[in-house]
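Below are the chains, spelled out letter by letter.
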Number of protein chains: 2
Amino acid sequence: MTKYEKQIYEIVNKLTGHLTADQIFSELKKSYPSVSLATVYNNLNKLCEAGLIRRVSMEGSPDRYDRSAKHDHLVCRRCGKLTDICFEDLTASLKQQLGEDFLAYDLKVYYICPECRRKTQAASI
Amino acid sequence: MTKYEKQIYEIVNKLTGHLTADQIFSELKKSYPSVSLATVYNNLNKLCEAGLIRRVSMEGSPDRYDRSAKHDHLVCRRCGKLTDICFEDLTASLKQQLGEDFLAYDLKVYYICPECRRKTQAASI
DNA sequence: TAATAAATTTAGAATTATTCTAAAAGGTGT
DNA sequence: ACACCTTTTAGAATAATTCTAAATTTATTA
């Protein structure tokens, strides 16, 4: 693992805030002001391919990067905010119903987050 | 529903091939050679907001548009090919486990499709 | 029907996330 | 120290999508 690979891995795992490449770049620049965005993308891709981190692609906003530990996501349809949830593990029943081996699965649940719900109410009064 | 809205809705539902905006544009041009790509995007967005069609965002390739009827997707990690599957309906148990209402959910299962598996084998001989 | 208003479409520019490229820098083993 | 391989860099290139402002179409009202 190279210096930057390790740093980026740690940022993704420490700040479990579903950061974009650009946010990771900003974070990394605090300690390494000369790092370039291309390096961030290179290493994010490497880490994803190695399965050490996980890419979460979002409609209408740049990809987020997340720790690889199994968990699911609750996504606000209005503001796009991502929240971690832990729904029951579907691996066994997926394997059974598909009759086929698979690598991973991704479950996103869409809703309107409490804040956005409040805003709508306020706006409609 | 405007002319183009209806046409686009029909293309998405008739050609259940998970088309990209650009593919829909090509298809639509066959009957309406003067239509513009912006119109396609406008109407796809409107149809998505109305819940009449469904956007499927894919890592590393443009968004696909799909009929809105509930179904899940099997995605090849190598070539990106999308296949429809119908896994058990999770609505009830999600609602219960979340203790919260939600709008929809999206389940993607990643695997290596038979074709890509074959290619790898051939390459490694 | 004419006049006005509202919505839709168009073409092309703008934006933006991401990848590519080629050169520079770093590190490793002999 | 020298050749070799990997990583990093900066900036250009690419490509999907949105934006803008004008033009056209559709709907509404007098």
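Per chain, the residues get numbers from 1 upward, laid out in the order the sequence is written. Chains carry letters from A onward and ligands carry numbers from 1 onward, assigned in written order. With the structure being a predicted model, the display of local features is reserved for residues of pLDDT at least 70 and the display and counting of side-chain atom pairs for 80 or more, all residues being used for whole-chain, interface and lining totals. Only hydrogens and water are set aside when side-chain values are computed; all heavy atoms of the structure are taken into account.

Asks: Could you give an account of the overall build of chain A, naming the residues involved and the relevant values?
Replies: Helix and strand assignments follow DSSP, with helices taken as H or I runs no shorter than four residues and strands as E runs no shorter than two, numbered in order from the N terminus. Along the backbone of chain A there are five helices and six strands. Helices and strands in chain A line up, N terminus first, as α-β-α-α-β-β-β-β-α-β-α. What you see for chain A is a C-alpha radius of gyration of 17 Å, clearly larger than the 14 Å of a compact globule of 125 residues, by over 25%. With the C-alpha coordinates aligned to their principal axes, the bounding extent of chain A is approximately 50 × 50 × 20 Å. To sort residues, take the accessible area from a 1.4 Å probe on protein chains only and compare it with the maximum for the residue type: under 20% means buried, over 50% means exposed, and anything in between is partly exposed. For chain A, the residues scored as buried account for 38% of the 125 residues in total. Within chain A, contacts between residues separated by at least 24 positions form 47% of all contacts whose residues are at least 6 apart in sequence. Two things to know: the radius of gyration comes from C-alpha atoms, and the globule rule equals 2.2 Å times the number of residues to the power 0.38. By the convention used here, residues are in contact when the closest approach between their heavy atoms is within 4.5 Å.

Asks: Can you break down the sheet that holds strand β6 (residues 104–111) of chain A residue by residue, with the values?
Replies: Pairing between strands requires that DSSP locate at least two bridges from one strand to the other. Pairing within the open sheet is mixed, and its six strands lie in the order β5(A)-β4(A)-β6(A)-β6(B)-β4(B)-β5(B). At either margin of the open sheet sits one strand with a lone partner, and together these are β5 (82–85) of chain A together with β5 (82–85) of chain B. Averaged over all adjacent pairs, the angle separating strand axes in this sheet is 25°, with direction ignored. The sheet contact formed by β6 of chain A and strand β6 (residues 104–111) of chain B spans seven bridges and is antiparallel. Among the inter-strand pairings, Tyr110 of chain A is bridged to a residue of β6 of chain B, identified as Ala104 of chain B. Helix-sheet contacts for helix α4 (residues 91–98) of chain A involve β6 of chain A together with β4 (72–76), β5 and β6 of chain B, and the interaxial angle to β6 of chain B is about 70°. Relative to the sheet, helix α4 (residues 91–98) of chain B contacts β4 (72–76), β5 and β6 of chain A together with β6 of chain B, its axis offset from that of β6 of chain A by approximately 70°. To get an axis, fit a line to the C-alpha atoms, keeping to the stretch in contact for a helix; angles then go from 0 to 180 degrees between the N-to-C directions.

Asks: Just give me the short version of the interface of chain B and chain A, but keep the residues and values in it.
Replies: It is common to report an interface's size as the accessible area lost on association of the parts. Contact with chain B, which involves 29 residues of that partner, is made by 29 residues of chain A. Two parts placed together each lose some accessible area under a 1.4 Å probe, and adding up what both lose gives the buried area. Here chain B and chain A share an interface that buries about 2500 Å² over both sides, 60% of which is from carbon and sulfur atoms. A per-residue breakdown of the area chain B buries against chain A is headed by Glu59, Phe87 and Leu103 of chain B, which together make up 19% of the total. A pairing counts as a salt bridge when a side-chain nitrogen of Lys or Arg comes within 4 Å of a carboxyl oxygen of Asp or Glu. Where chain B packs against chain A, one counts four salt bridges. Among the ionic pairs, Arg55 of chain A bridges to Glu59 of chain B, the shortest N-O distance being 3.5 Å. Between N or O atoms, a polar contact is any pair within 3.5 Å; within protein, one atom must be a potential hydrogen donor and the other a potential acceptor, and residues adjacent in sequence are included only when both atoms are from side chains. Across the chain B-chain A interface, the total number found is eleven residue pairs in polar contact (both at pLDDT 80 or more). Listing elements by their share of the side of chain B that touches chain A, those giving two or more residues are β2 (53–58), α4 and β6 of chain B. When residues of the side of chain B that touches chain A are assigned to their parent elements, the largest contribution, eight residues, is made by β6 of chain B.

Asks: Can you tell me about the sheet that holds strand β1 (residues 19–20) of chain A, naming the residues and giving the values?
Replies: Backbone hydrogen bonds are what pair the strands of a sheet, in a parallel or an antiparallel way. Residues and elements named next belong to chain A. Strand order in the open sheet made by the three strands is β1-β3-β2, with antiparallel pairing throughout. The sheet is open, and its two borders are formed by β1 and β2 (53–58), each paired with just one other strand. Where β2 and strand β3 (residues 61–67) come together, five bridges link them in antiparallel fashion. Looking at β3, one finds that Arg55 is bridged to Tyr65.

Asks: Give me the lowdown on the packing of helix α1 (residues 3–14) of chain A against helix α3 (residues 37–49) of chain A, citing residues and values where you can.
Replies: Residue and element names in this part refer to chain A. Packing of α1 against α3 brings their axes to within 9 Å, and their N-to-C directions diverge by 75°. Between α1 and α3, the angle falls in the class roughly perpendicular. Contact residues: α1 offers Tyr4, Glu5, Ile8, Tyr9 and Val12, while α3 offers Thr39, Val40, Asn43, Leu44, Lys46 and Leu47. For classification purposes, an angle smaller than 35 degrees is called roughly parallel, one larger than 145 roughly antiparallel, one from 65 to 115 roughly perpendicular, and anything else oblique.

Asks: Explain the protein's contact with DNA strand C to me, using residue names and the numbers behind them.
Replies: Contacts to DNA strand C come from 15 residues, most closely from Tyr41 of chain A together with Tyr4, Ser36, Thr39 and Lys46 of chain B. The sugar-phosphate backbone supplies 84% of the atoms of DNA strand C found within 4 Å of the protein. Within the contact set of DNA strand C, a phosphate oxygen lies 2.5 Å away from a side-chain nitrogen or oxygen of Tyr41 of chain A. Here a phosphate oxygen of DNA strand C and a backbone polar atom of Asp63 of chain A are 3.2 Å apart. Among the elements that make up the surface near DNA strand C, the one with the highest residue count is helix α3 (residues 37–49) of chain B (five residues). Being near a molecule or strand, for a residue, means having at least one of its heavy atoms within 4 Å of it.

Any link to function would need more than the numbers given here.
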